[in-house]
Amino acid sequence: MGVALVTPFKEDDSVDFDALMRLVDYQLQNNTDFLCVLGTTAETPTLTCEEKRLIQEKVIERVNGKIPILLGVGGNDTRAIVNELKTGDFKGVNAILSVVPYYNKPSQEGIYQHYKAIAEATELPIVLYNVPGRTGVNMTAETTLRIAREFKNVIAIKEASGDITQMDDIIKNKPADFDVISGDDGITFPLITLGAVGVISVIGNAFPREFSRMTRLALEGDFTNARLIHHKFTELFKLLFVDGNPAGVKSMLNMMGMIGNKLRLPLVPTRITTFEAIRKVLNELKIKC
């Protein structure tokens, strides 16, 4: 289980680096296998270049090699990403996560050529990220498999298409050294039963120990106990995203006393009704808040 790390903010809209370091320590102490830094959940589009540099630097320093770092390096300008990969500082980064180009809505050939350029620009391992709900275009199983077969440093895909048939097609036909990772907490358990190897999790920000245990049990074939944990969090999975990500998980972390309930515009905190619904579920789970 990897965790898509949030970016805590202070009331003045600045990055709360003290809270960020507390979150990193919390992950290190509670069985998180790797951290995904500067992904969607980090509100990366609203961060300045200097803020992104500092977050990358401070997280890598705090982790100090204890677990791998997956760094978000993506966008809809292929040349800019290639340039970043060729000129940026990736010391301490174990792999990069690169999302399907958004807004431009490229064809499948355009998506292939985008990733071809990225794969040829770096020797770092690359994890593809398919999330059509955000990008406006779905990378098909055929395109995913084409990329996986042709570029050896493309090692995995974070699949968040919501299409189980598509994910199963990738798992069934992929190269042996290419992995499928769930990009959606709610389908992690069933996807592992099909052959996925884990998850890049949002809820893991708040519950790393519990969710990593579910993932490990499922990977070990103990589906009965894994399913019990999965069902324990079913209601929270829904509440996480009803007002958008990361509003839901930030409200959870706020209730747990870990960060302020602050997002950067155009994102806003969860509605009061959602906030109270989350609090009710957390109380039922006997999570102090």
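Below: a short report on this structure. Predicted model, so just to flag it, every value in this text is computed and none were measured.

## Some remarks on the overall build of the chain
Piece 1. The secondary structure content of the chain amounts to 13 helices and eight strands.
Piece 2. The globule rule puts the C-alpha radius of gyration for 289 residues at 19 Å, and the 18 Å found for the chain is close to it.
Piece 3. Across its three principal axes, the chain shows a C-alpha extent of roughly 50 × 45 × 35 Å.
Piece 4. Taken across its 289 residues, the chain has 53% of its residues classed as buried.

## Focus on the environment of histidine 230
Piece 1. Locating histidine 230 in the fold gives a position in helix 10 (residues 223–232).
Piece 2. Taking relative accessible area as the criterion, histidine 230 reaches 10% and is therefore assigned buried.
Piece 3. Sequence spacing of histidine 230 and phenylalanine 189 is 41 residues, and the spatial spacing of their C-alpha atoms is 6.8 Å.
Piece 4. Ignoring sequence-local partners within four residues, the contact set of histidine 230 consists of Gly186, Phe189, Pro190, Met214 and Phe237.

## Details of the nonpolar core
Piece 1. Residues Leu35, Val59, Ile96, Leu128 and Leu236 are the most contacted members of the largest nonpolar core, which totals 86 residues.
Piece 2. With residues up to four places along the chain from it excluded, the contact list for leucine 35 reads Val3, Leu5, Val24, Gln27, Val59, Val63, Ile67, Pro68, Ile69 and Leu70.
Piece 3. With 14 residues, the next largest nonpolar core counts Ala4, Phe34, Val131 and Ile200 among its residues.

## Some details on the pattern of salt bridges
Piece 1. With the rule as written, the count across this model stands at 13 salt bridges.
Piece 2. A salt bridge links glutamate 57 to arginine 53, with the nearest nitrogen and oxygen atoms 2.9 Å apart. One end of the pair is glutamate 57 and the other is arginine 53, both in helix 2 (residues 49–63) and four residues apart, which spans about a single turn.
Piece 3. For glutamate 57, a relative accessible area of 41% gives the class partly exposed.
Piece 4. The network of salt bridges with shared partners includes Glu50, Arg53 and Glu57.

## Some details on the pairing of strand 5 (residues 126–130)
Piece 1. The element strand 5 is largely enclosed, with a buried count of five among its five residues.
Piece 2. The alternating pattern of strand 5 places Ile126, Leu128 and Asn130 and Val127 and Tyr129 on opposite faces, both of which are buried.
Piece 3. For the handedness criterion, the β-α-β arrangement of strand 4 (residues 95–99), helix 4 (residues 108–121) and strand 5 is classed as right-handed.

Calculation rules
Residues numbered from 1 in each chain as written. Predicted model: local features only at pLDDT ≥ 70, side-chain atom pairs only at ≥ 80, totals over all residues. Heavy atoms only, no water. Helix = DSSP H or I, 4+ residues; strand = E, 2+ residues; numbered from the N terminus. Rg over C-alpha atoms; globule rule 2.2 N^0.38 Å. Buried < 20%, exposed > 50% of the residue type's maximum accessible area, 1.4 Å probe, protein only. Contact = heavy atoms within 4.5 Å. Core = buried A, V, L, I, M, F, W, Y, C linked by side-chain atoms within 4.5 Å. Salt bridge = Lys/Arg side-chain N within 4 Å of Asp/Glu carboxyl O. Right-handed = clockwise from strand over helix to strand, strands pointing away.

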